[in-house]
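This is what each chain is made of:
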Amino acid sequence: MEWVLAMTYLWLKAGHLIFVIFWMSGLFMLPRFFVYHQEAAPDSPENAIWTDRERKLLRIIMWPSLVVLWALGLAMAWSMDFFPDSFWFHVKLALVLVLTAYHVWLAGYHQALARGERRLSGKALRMINEIPGVTAALIVVLVIVKPF
C-alpha cells in the first residue's frame, strides 16, 4: 500500500509540474502580447487580432492550466499532509495565491484592451512582466530548499 501512495504522489507531482510550466508560459507571454496590443489602434484590424490571441491564450492554456495545477497541487499537499506544520508550504501557497491574483488581473486587463482602454504604458507592462519570474524563483527555493 505504501508503494501505491508513493507512486500516486509522484504522478501528482509530475502532473502538477507540467501544468505549472504551461501556466507560467502564459503568465510570461500575455503581458508581452499586451505590449504589442497597446501599440495597435483600438479600432484597427490588428487590435482584433491581438484580442483574439490573448483570448485564446487565456481560454485554451492559462485558465485550464490554473485549474489543473491547483487541483493537483492541493491533492499532493493533502496526500503528504503539508497543511498542519509546514511553514514553507504556507508561504509557497501564499505566493501561488499572488500569482493567481496576477492571472485574474491579466484577464481583466485583456478585457480592458478589448474595449479599447489603454491604462498602462508598454514600459509598465514590461515591469509587471517580472512578477511571475521573481515569484516563481521564490517558490522553487521554498519547495527545493525548504528553508523553514
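Residues numbered from 1 in each chain as written. Predicted model: local features only at pLDDT ≥ 70, side-chain atom pairs only at ≥ 80, totals over all residues. Heavy atoms only, no water.

Engineer: Can you walk me through unusual backbone geometry in this structure?
Structural biologist: The phi angle of most residues is negative, glycine excepted, and most peptide bonds adopt the trans form. Positive phi, normally seen in glycine, also occurs at K146, with a value near 50 degrees. Residue position: K146 is located in the segment after α5 (131-145). Classification of K146 as partly exposed rests on a relative accessible area of 40%. (Helix = DSSP H or I, 4+ residues; strand = E, 2+ residues; numbered from the N terminus. Buried < 20%, exposed > 50% of the residue type's maximum accessible area, 1.4 Å probe, protein only.)

Engineer: Just checking my understanding: could you explain the packing of aromatic side chains for this structure?
Structural biologist: With the rule as written, the count across this model stands at seven aromatic pairs. With centroids separated by 5.5 Å and ring planes inclined at 85 degrees, the aromatic side chains of F19 and F22 adopt a geometry described as edge-to-face. Of this pair, F19 and F22 both sit in helix α1 (residues 2-38), three residues apart, roughly one helical turn. Ring centres of F87 and F148 lie 4.9 Å apart, and the angle between their planes is 50 degrees; on these two criteria the pair is classed as tilted. Taken together, the residues span a long stretch of sequence, with F87 in helix α3 (residues 87-114) and F148 in the segment after α5 at a distance of 61 residues. Residue classification places F87 among the exposed residues on the basis of a relative accessible area of 52%. Ring pairing ties together the aromatic residues F33, Y36 and W50, which thus form one cluster. (Phe/Tyr/Trp six-rings, centres within 6.5 Å; stacked < 30°, edge-to-face > 60°.)

Engineer: I keep staring at the nonpolar core and nothing clicks. Help me out?
Structural biologist: In summary, soluble globular proteins display a tendency toward joint burial of nonpolar side chains. With 34 residues, the main nonpolar core has W23, L27, L30, F34, M62 and L106 as its most contacted residues. Mapped by element, the contributors of at least two residues to this core are α1, α2 (45-79), α3, α4 (122-128) and α5. Excluding residues that lie within four positions of it along the chain, W23 makes contacts with M62, S65, L66, L69, V96, L99, T100 and H103. (Core = buried A, V, L, I, M, F, W, Y, C linked by side-chain atoms within 4.5 Å. Contact = heavy atoms within 4.5 Å.)

Engineer: For this particular structure, what's the right way to read the environment of Q38?
Structural biologist: By the element assignment, Q38 lies in helix α1. For the pair Q38 and L120, spaced 82 residues apart in the sequence, the C-alpha separation amounts to 8.7 Å. Apart from the residues within four sequence positions on either side, Q38 is in contact with Y109, L113, R118, R119, L120, S121, G122 and L125.

Engineer: In this structure, what is going on with a nonpolar patch on the surface? I would like to understand it.
Structural biologist: Residues L17, I18, I21, F22, I60 and I61 make up a contiguous nonpolar surface patch of roughly 560 Å² in combined accessible area. At the level of elements, α1 and α2 are the ones that each hand at least two residues to the nonpolar patch. Looking at the nonpolar patch element by element, the count peaks at four residues for α1. (Patch = residues over 30% accessible without salt bridge, like charges linked within 9 Å, V, L, I, M, F, W, Y side chains within 5 Å. Areas by Shrake-Rupley, 256 points an atom, 1.4 Å probe, with all protein chains shown as cover. Salt bridge = Lys/Arg side-chain N within 4 Å of Asp/Glu carboxyl O.)

Engineer: Would you mind going over the side chain of T135 with me for this structure?
Structural biologist: Position of T135 relative to the elements: it lies in helix α5. With sequence-adjacent residues up to four places away left out, T135 is seen in contact with L95 and L99.

Engineer: What should I look at first to understand α3 in this one?
Structural biologist: Helical geometry: 3.6 residues make up each α-helical turn, so side chains three or four residues apart lie on a common side. Its 28 residues give α3 an end-to-end C-alpha distance of 41 Å, which sits within 8% of 40 Å, the value for a rise of 1.5 Å per residue. At the C-terminal side of α3, G116 shows a positive phi close to 95 degrees. (Expected span 1.5 Å × (residues − 1).)

Engineer: Explain the packing of α3 against α5 here, please?
Structural biologist: Geometry of a packed helix pair, given as the angle between the helix axes and the separation of the axes. Following both chains from N to C, one finds α3 and α5 inclined at 160 degrees, their axes separated by 9 Å at the closest point. One finds that α3 runs roughly antiparallel with respect to α5. Here α3 runs over α5; the crossing is left-handed. Counted together, W88, V91, K92, L95, V96, L99 and Y102 of α3 and I131, P132, T135, L138, I139, L142 and V143 of α5 form the full contact between these two elements. By residue class, the composition of the contact of α3 with α5 is twelve nonpolar, one polar and one charged. (Axes fitted to C-alpha atoms, helices over the stretch in contact; angles between N-to-C directions. Parallel < 35°, antiparallel > 145°, perpendicular 65-115°, else oblique. Left-handed = near helix turned anticlockwise from the far one by under 90°. Nonpolar A, V, L, I, M, F, W, Y, C, P; charged D, E, K, R; others polar.)

Limitation: the analysis is restricted to geometry and does not speak to function.
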